[in-house]
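Below, each chain spelled out in residue letters.
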Number of protein chains: 2
Amino acid sequence: MMNALVVLSGGQDSTTCLYWALNRFGAGHVAAVTFDYGQRHRIELDCAVQVATLAEVPHTLLPIDTFAALGGNALTDARMAVRPGVDARTCLPNTFVPGRNLIFLTFAAALAYQWSIHHLVTGVAQTDYSGYPDCRQPAIQALEQAIRLGMDYDLTIHTPLMFKTKAETVRMARELGALPALAWTHTCYNGQQPPCGVCPACDLRAKGFAEAGIPDPLVERFRGSPA
Amino acid sequence: MMNALVVLSGGQDSTTCLYWALNRFGAGHVAAVTFDYGQRHRIELDCAVQVATLAEVPHTLLPIDTFAALGGNALTDARMAVRPGVDARTCLPNTFVPGRNLIFLTFAAALAYQWSIHHLVTGVAQTDYSGYPDCRQPAIQALEQAIRLGMDYDLTIHTPLMFKTKAETVRMARELGALPALAWTHTCYNGQQPPCGVCPACDLRAKGFAEAGIPDPLVERFRGSPA
């Protein structure tokens, strides 16, 4: 019987959360869902599939075509470049899709409802939320309440990384045995494998591993590979 | 400048809300959005287009392919018949899509955000909510809070029909000058034009008009038409 559903993006944080869920709810009781929402880098989806396979959890891919139709943002609109800095009007990075996590979690909750699963797990973190307000705890708590009332269903949203630094998340991944899976995650904003190492996402990831004093298995995997 | 965005399904209630919004925010300041989510009756989308045209409001159609992928319900899954009665497990009518209104309102909020609109209007009503928990006021209020926090945006969700009976809604439609538009709305669960007149939705609609003592413009439109 499935007890928990993890929103798995194919990145470092959600992969760590998948192993947190396996530890908390037990092997055989955890499933994962990934959203194909027209993200700029399709490699994220491949990474999610590989991580789920490695972790031996059932994995569902759900399409969301609405963000692309909404348009107007760099993550889902291939015509827009990822600009450094922030949007002048909103003071948010222009990769911002308003309400993206609210939508992901609500669809994940609908899937959990269908499968009689009462625990959702997401890797959002307030510590390095980069201007995405729907990664912060008050927003997640309000959404949990909206889902409980709107689905008339007892659902808990777990955010094991909410107040952790990247270094703390890396140490937690080691304790949970998630490091081998992290070799197959995707972080780079430029969509490169091996990772570009210079974009803000690569930089944040590298600093976390450095501070934790642990080599990044993803970087190790490509060490010695032809450039 | 647009001030309000109405979630327009093409039905009686959302059409009445569109005229409520025109009255409250003024002609030229109201837009409408309709979701193409794979509903069983495509005629709803045609009705929404006709109503928006009649009301002279800008109208956006947004696709959502996720509900069909989630499957397992009669409204979006053409393989399932609409059964009378309720689902044994959930005690909900088996047309239930968990969280459908939560999703509609969150995507509408994302569109409102992009257009700098601060007022959403939806025709949900607690009075005849038919077991859809995301039509009830506590769920809408919790979602409003989740959106405000999750988008860091000042948004108000208006539910002018929340506590009205169908008869009160009909009288309100007359006061707002919405009756001509109601001739082009869709209600019938069986997707028929002219409406079948016997399904629960047709029945509820007919009772509302009868109690208000007002002829249904939709029925009038087909009066004398060949069967």
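None of these values were measured; they are calculated from a predicted model. (Residues numbered from 1 in each chain as written. Chains lettered and ligands numbered in written order. Predicted model: local features only at pLDDT ≥ 70, side-chain atom pairs only at ≥ 80, totals over all residues.)

Draft legend 1. Geometry of the sheet that holds strand β1 (residues 4-7) of chain A. All names here are of chain A. The sheet built from five strands is open, its strands ordered β3-β2-β1-β4-β5 with parallel pairing. The open sheet is flanked by β3 (59-63) and β5 (156-158), the only strands paired with a single partner. Each neighbouring strand pair of the sheet contributes to a mean axis angle of 25 degrees, computed without reference to strand direction. In terms of strand pairing, β1 meets strand β4 (residues 119-121) through three bridges, oriented parallel. Each residue of the ladder has a partner; that of alanine 4, found in β4, is histidine 119. (Pairing = 2+ DSSP bridges. Helix = DSSP H or I, 4+ residues; strand = E, 2+ residues; numbered from the N terminus. Axes fitted to C-alpha atoms, helices over the stretch in contact; angles between N-to-C directions.)

Draft legend 2. Broad picture of unusual backbone geometry. Residue and element names in this part refer to chain A. The omega torsion of the bond from glutamine 193 to proline 194 falls at 0 degrees, within 30 degrees of zero and hence cis. Tracing the backbone shows proline 194 in the loop between α7 (179-182) and α8 (200-212). If you check the backbone angles, aspartate 152 has positive phi at about 50 degrees while not being a glycine. By secondary structure assignment, the location of aspartate 152 is in the loop between α5 (137-151) and β5. For aspartate 152, a count of 19 C-beta atoms within 10 Å gives the class partly exposed. (Buried ≥ 20, exposed ≤ 12 C-beta atoms within 10 Å, placed from the backbone.)

Draft legend 3. Region of the structure containing the relation of the copies chain B and chain A. If you rotate chain B by 180 degrees and push it 0.0 Å along the axis, it lands on chain A with an RMSD of 0.0 Å. Given the turn and translation reported, the copies of this chain are related as if by a two-fold rotation axis. A share of 100% of the interface residues of chain B reappears at the interface of chain A, consistent with the copies meeting face to face through the same patch. (Least-squares fit on C-alpha atoms with pLDDT ≥ 70 in both. Contact = placed C-beta atoms within 7 Å.)

Draft legend 4. Region of the structure containing the pairing of strand β1 (residues 4-7) of chain B. Residues and elements named next belong to chain B. Where burial is concerned, the two faces of β1 agree: the one with Ala4 and Val6 and the one with Leu5 and Val7 are both buried. Here β1 pairs with strand β2 (residues 30-36) via four bridges, running parallel. Note that in β2 the partner of alanine 4 across the bridge is valine 30.

Draft legend 5. Spatial organisation of the packing of helix α4 (residues 100-114) of chain B against helix α5 (residues 137-151) of chain B. Residue and element names in this part refer to chain B. Following both chains from N to C, one finds α4 and α5 inclined at 40 degrees, their axes separated by 11 Å at the closest point. Taken together, the axes of α4 and α5 lie oblique to each other. Judged by the sense of rotation from one axis to the other, the crossing of α4 with α5 is right-handed. Counting all contacts with α4, which are made through Leu102, Leu105, Thr106, Ala109 and Tyr113, the residues of α5 involved are Leu143, Ile147 and Met151. Its residues assigned to classes, the contact of α4 with α5 shows seven nonpolar, one polar and no charged. (Parallel < 35°, antiparallel > 145°, perpendicular 65-115°, else oblique. Left-handed = near helix turned anticlockwise from the far one by under 90°. Nonpolar A, V, L, I, M, F, W, Y, C, P; charged D, E, K, R; others polar.)

Draft legend 6. Up close: the nonpolar core. In this structure, A:Val6, A:Leu18, A:Ala108, B:Val6, B:Leu18 and B:Ala108 are the most contacted members of the largest nonpolar core, which totals 123 residues. Setting aside residues no more than four positions away along its own chain, B:Val6 makes contact with B:Ser14, B:Cys17, B:Leu18, B:Ala21, B:Val30, B:Ala32 and B:Val121. (Core = buried A, V, L, I, M, F, W, Y, C linked by C-beta atoms within 7 Å.)

Draft legend 7. Examining the confidence of the model for chain A more closely. All names here are of chain A. Mean pLDDT over chain A: 88, with 85% of residues reaching 70 or higher. Between residues 80-95, whose pLDDT stays under 50, and residues either more than four places distant or in other chains, the model counts 21 contacts. Taken together, the chains of this predicted complex give a pTM of 0.91 and an interface ipTM of 0.90. (pLDDT = per-residue confidence, 0-100.)

Draft legend 8. Focus on the interface of chain B and chain A. Residue-level contacts link 33 residues of chain B with 33 residues of chain A. Residue assignment for the side of chain B that touches chain A shows that the elements contributing at least two residues are β3 (59-63), α3 (66-70), α4 and α5 of chain B. Considered class by class, the residues forming the side of chain B that touches chain A number 22 nonpolar, eight polar and three charged.

Draft legend 9. Local environment of helix α6 (residues 166-175) of chain B. All names here are of chain B. Buried within α6 are the following residues: Lys166, Thr169, Val170 and Ala173. End-on, the buried residues of α6 take up no more than an arc of 100 degrees, which puts them together on one face. Buried residues along α6 sit against α1 (12-25), α7 (179-182) and α8 (200-212). (Arc of directions from axis to C-beta.)

Draft legend 10. Inspection of the environment of A:Arg100 at higher detail. If you trace the backbone, A:Arg100 turns up in helix α4 (residues 100-114). Along the primary structure A:Arg100 and A:Tyr37 are separated by 63 residues, whereas in three dimensions their C-alpha atoms are 9.7 Å apart.

Draft legend 11. Quick look at the sheet that holds strand β4 (residues 119-121) of chain B. Residues and elements named next belong to chain B. Ordered by their spatial adjacency, five strands build an open sheet running β3-β2-β1-β4-β5, and the pairing between neighbours is parallel. The sheet is open, and its two borders are formed by β3 and β5 (156-158), each paired with just one other strand. Averaged over all pairs of adjacent strands, the angle between strand axes in this sheet comes to 25 degrees, irrespective of strand direction. Here β2 runs beside β3; their pairing, made up of five bridges, is parallel. Each residue of the ladder has a partner; that of aspartate 36, found in β3, is proline 63. On top of the sheet, α1 reaches β1, β2 and β4; it is set at about 170 degrees to β1, its chief contact.

Draft legend 12. Focus on α8(B). Residue and element names in this part refer to chain B. Taking 1.5 Å as the rise per residue, α8 with 13 residues should run 18 Å; its terminal C-alpha atoms sit 18 Å apart, in good agreement. Where α8 is concerned, the buried positions are Cys202, Arg205, Gly208 and Phe209. The arc that holds the buried residues of α8, viewed along the axis, is 130 degrees, so those residues lie on one side. Residues of α8 that are buried in the fold lie against α1 and α6. Just beyond α8, the residue with positive phi is glycine 213, at close to 70 degrees. (Expected span 1.5 Å × (residues − 1).)

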